[in-house]
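Structural features, examined
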Amino acid sequence: HSQYTLSQCLRKQNKLAEAIKLITACLEIRKQSFPPLHPLVASAVGELGRCFKQAGRLEEAEEHFREELEIERQSLQEKHPHIATTLYNLGLCLKKRRKNREAEKLLREAVNIRSLSLSKNHPRKISALTLWAECLINIGNYA
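Now for a look at the structure at hand. The numbers attached to residues start from 1 for each chain and follow its sequence in the written order. Whole-chain, interface and lining totals are the exception, using all residues; otherwise, since this is a predicted model, local features are given only for residues with pLDDT of at least 70 and side-chain atom pairs are given and counted only at 80 or more. Excluded from the side-chain calculations are hydrogens and water; all other atoms, namely the structure's heavy atoms, are used.

Points about the overall build of the protein chain
Spelled out, the test is: Each helix is a run of DSSP H or I of at least 4 residues and each strand a run of E of at least 2, with the numbering of both proceeding from the N terminus. Each radius of gyration reported is based on C-alpha atoms, and the globular scaling rule is 2.2 Å times the count of residues to the power 0.38. Pairs of residues are marked as contacts when any of their non-hydrogen atoms sit within 4.5 Å. Residue exposure ignores everything except the shown protein chains as possible cover, and the areas themselves are Shrake-Rupley values with a 1.4 Å probe. Only four residue types enter the charge count, namely Lys and Arg as positive and Asp and Glu as negative; His and the chain termini do not. Charged groups are reduced to one reference atom each: NZ for lysine, CZ for arginine, CG for aspartic acid, CD for glutamic acid.
Across its full length, the protein chain carries seven helices and zero strands. Starting at the N terminus and ending at the C terminus, the protein chain contains elements arranged as α-α-α-α-α-α-α. A globule of 143 residues ought to have a C-alpha radius of gyration of about 15 Å, and the protein chain, at 15 Å, matches this closely. Taking the principal axes of the C-alpha coordinates as reference, the protein chain spans close to 45 × 30 × 25 Å. Expressed as a percentage of contacts within the protein chain between residues at least 6 apart in sequence, the contacts between residues at least 24 apart total 52%. Total accessible area computed for the protein chain in this model is approximately 8000 Å², and 53% of it derives from carbon and sulfur atoms. Within the protein chain, one finds 24 positive and 16 negative side-chain charges whose respective centroids are separated by 6 Å.

A look at the nonpolar core
Heads up, the rule is: To define a nonpolar core, start from buried Ala, Val, Leu, Ile, Met, Phe, Trp, Tyr and Cys residues and group those joined through side-chain atoms within 4.5 Å. Any residue under 20% of the maximum accessible area for its type is buried, any over 50% is exposed, and the rest in between are partly exposed; the area is computed with a 1.4 Å probe on protein chains only.
One finds I23 and L87 to be the most contacted residues of the largest nonpolar core, which totals 38 residues. Put simply, the parts of the chain that give this core at least two residues each are α1 (2–12), α2 (16–33), α3 (39–54), α4 (58–75), α5 (81–96), α6 (100–117) and α7 (123–138). With near-sequence residues (within four places) excluded, L87 lies in contact with L69, R73, L106, L107, E109, A110 and I113.

Details of unusual backbone geometry
Not every positive phi belongs to a glycine, and N14 is a case in point at roughly 65 degrees. Structurally, N14 can be placed in the loop between α1 and α2. Here R98, not a glycine, exhibits a phi torsion of approximately 65 degrees, which is positive. Here R98 is to be found in the loop between α5 and α6.

Section: the pattern of salt bridges
Where we set the bar: Salt bridges are defined by distance alone: a side-chain nitrogen of Lys or Arg within 4 Å of a carboxyl oxygen of Asp or Glu.
In total, this model carries 12 salt bridges according to the counting rule given. As a salt-bridge pair, E47 and R50 come within 3.1 Å of each other at their nearest N and O atoms. Of this pair, E47 and R50 both sit in helix α3, three residues apart, roughly one helical turn. Owing to a relative accessible area of 15%, R50 belongs among the buried residues under this scheme. A salt bridge links R97 to E59; its shortest N-O distance comes to 3.8 Å. You can see R97 sitting in the loop between α5 and α6 and its partner E59 sitting in helix α4, a full 38 residues away along the chain. Look at the salt bridges and you will find they share partners, linking E59, E62, R66, R97, K99 and E102 into a network.

Geometric descriptors of this kind do not, in isolation, establish any biological role.
Okay, structure coming up:
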């Protein structure tokens, strides 16, 4: 667990090469220690995706967010807040890669999940709504 926390701190300090190395090692340990669909495996995969996203390595980030989402969809309840966060991260990554139609669908789902548990003015809900609206505008769907 300490490797995971340290990798988050390194990412937040923009020490991405160090963070990627550490979270990769953490992920390997978690894959050896837990079943493949364990939420702790998903969280390490997602942290690696966040490191790649921050480094501008969007293709790799997308790959990791998709893997994280696949694990979460099989191991968590359908409307779990972690799924909303992963949908948001994947949607943001896809939007940056100009895959607005796919991003829009994922962000719509993130907004729906966040609407179940967050107040209407919660920053995470507003950020998902804003990003979703930007995708709708980018694909020309204003309705």
